[in-house]
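The residues making up each chain are set out below.
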Amino acid sequence: MDFLPLYFQLQGKPCVMVGGGTIALRKAILLQKSGAIINIVARKVLPELRQLAESTEGTIRIGDYSVADIEGMFLVVAATDDEALNKQVSDDAHQRQLPVNVVDSPELCSVILPAIIDRSPLVIAVSSGGKSPVLARMLRSKIESLVPAAYGRLANLVGGFRDKVKLSYKTVDERKNFWEEVLNGPIAEMVFAGKDTVANQMLSQRLDAEPAEMIKGEVYLVGAGPGDPDLLTFRALRLMQKADVVLYDRLVADQIIELTRRDAERIYVGKKRSNHAVPQEDINQMLVKLAKEGKRVLRLKGGDPFIFGRGGEEIEQLASHNIPFQVVPGVTAASGCSTYAGIPLTHRDYAQSVRFITGHLKNGTADLPWDELVHTNQTLVFYMGLVGLPIICQKLIEYGRNPETPIALIQQGTTEQQRVLVSNLREMPATAVKEQVRAPTLLIIGEIVTLREKLAWFEH
Ligand code: SAH
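Now for a description of the structure that goes with this document. (Residues numbered from 1 in each chain as written. Predicted model: local features only at pLDDT ≥ 70, side-chain atom pairs only at ≥ 80, totals over all residues. Heavy atoms only, no water.)

## Some words on the sheet that holds strand 12 (residues 325-328)
Across the sheet, five strands lie side by side as 10-9-11-8-12; this open sheet has parallel pairing. The outermost strands of the open sheet, each flanked by one partner alone, are strand 10 (265-268) and strand 12. Looking at each pair of strands side by side, their axes are set apart by 15 degrees on average, direction ignored. Note: strand 8 (residues 218-223) against strand 12, four bridges, orientation parallel. Counterpart to Val222 in the pairing with strand 12 is Val328. (Pairing = 2+ DSSP bridges. Helix = DSSP H or I, 4+ residues; strand = E, 2+ residues; numbered from the N terminus. Axes fitted to C-alpha atoms, helices over the stretch in contact; angles between N-to-C directions.)

## Quick notes on the packing of helix 7 (residues 172-184) against helix 9 (residues 196-208)
Where helix 7 meets helix 9, the axes come as close as 12 Å, and the angle between the chain directions of the two elements is 145 degrees. Judged by the twist between their axes, the crossing of helix 7 over helix 9 is right-handed. Within the contact between the two elements, helix 7 uses Phe178, Trp179, Glu181 and Val182 and helix 9 uses Leu203, Arg206 and Leu207. (Left-handed = near helix turned anticlockwise from the far one by under 90°. Contact = heavy atoms within 4.5 Å.)

## Some thoughts on the sheet that holds strand 2 (residues 37-42)
Strand order in the open sheet made by the five strands is 3-2-1-4-5, with parallel pairing throughout. The two strands at the open ends of the sheet, each matched to only one other strand, are strand 3 (60-62) and strand 5 (100-102). Recorded for the sheet is a direction-independent mean angle of 15 degrees between the axes of neighbouring strands. As paired strands, strand 4 (residues 75-78) and strand 5 are joined by three bridges and run parallel to one another. Residue Ala78 lies in a different strand from strand 5, and its bridge partner there is Val102. Against the sheet, helix 1 (residues 22-33) engages strand 1 (14-18), strand 2 and strand 4, with an angle of about 170 degrees to strand 1.

Structure, rendered in structure tokens:
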């Protein structure tokens, strides 16, 4: 390690900046944020820099640098384009053991300014030791996208309780366990959801309660999207990496399961080879039981949990047991498949509305309001429609929809294996048999399907 990262308390402390141009200005903005008093010495000073230094109650001296300028300073920054002068400042500071930063010359620095992710009071610093500031900044952007904006508020909330927690929990280990539970659990999630006041109350209650009274577990009902892992939301990914147990079914792609925590227990609740899925009631009870054991339970569902996902039933049980839960939307199959097949769901010229319909058969028939489904200006999207495909096509024709109406069948949409068949209501049932279509498949019906000829972009 070439540099040891330390965080510098500069509130109200005098610092000096040698140089008065744009580079000096950039550094000065950073110093100002940390509350330092900025003194400037330079032959010429940009008006903005002058203003900024004055706003920190620093002094501005127009003239040549002399060693007296750095005496008594907490930090010295050389930001001139004169290499010899920069070196002089660095030498003087080193002799006096004052921390010195020379812009763009790591070899002259005793301290360097890292790239910063500012979620004050939480601050993350990234440094390449001056070797590649661009790389450090790229890494910063990545971290920016991973760290929820609310972490700053979370840190503030926690900061306000530190003394109280110290009184309640005597040992370092006890305190560590307590904070880990708070920061990984429902209280932190409340802050992320923007409910700081509720989080504050929960934290107070948590401190007053006996540990045994607390249900520590929680459930995340998360939509995993239609297949392509890139379509996960940030929140889905974050919760996937947090959960202790994962319950998933057939529709969730292996690649997505791979993104859950390595050491998480993974429970498959979809259809087994015997073709029997774990009954819904058992899943509901399993969620309650695991959460009561104190686990963070991820219920991962294909697509969106509230669209043909029975997500509502699962959380009803949780609600009645007072188990904290949250629901994360996902890209539903209709959105994913239509987009990746190049078929818009609405279009000013073809369809002013779209209907999501279940094609699941009950007693060998689909009991649907067929007369409503034959209007030409609406797009129909059938989920679970493969088995019922012949009946769906036949009924639509019987109730008056043109047998030539285009229909697309999308198999394993959004994945590398995506297949799209386009035909019409009359011929699609035979085409699907001939092409040996396999689940999961989605049906899109309407004139809009013809747009695919121009708009298809995904298949290779
Ligand atoms: N909650 C899910 C739907 C579950 S119902 C969602 O919002 O997408 C299961 C049906 O979804 C399947 O029978 C199929 O019709 C459809 N489906 C889900 N993923 C699909 C995919 N990748 N390709 C095609 N159809 C898909």
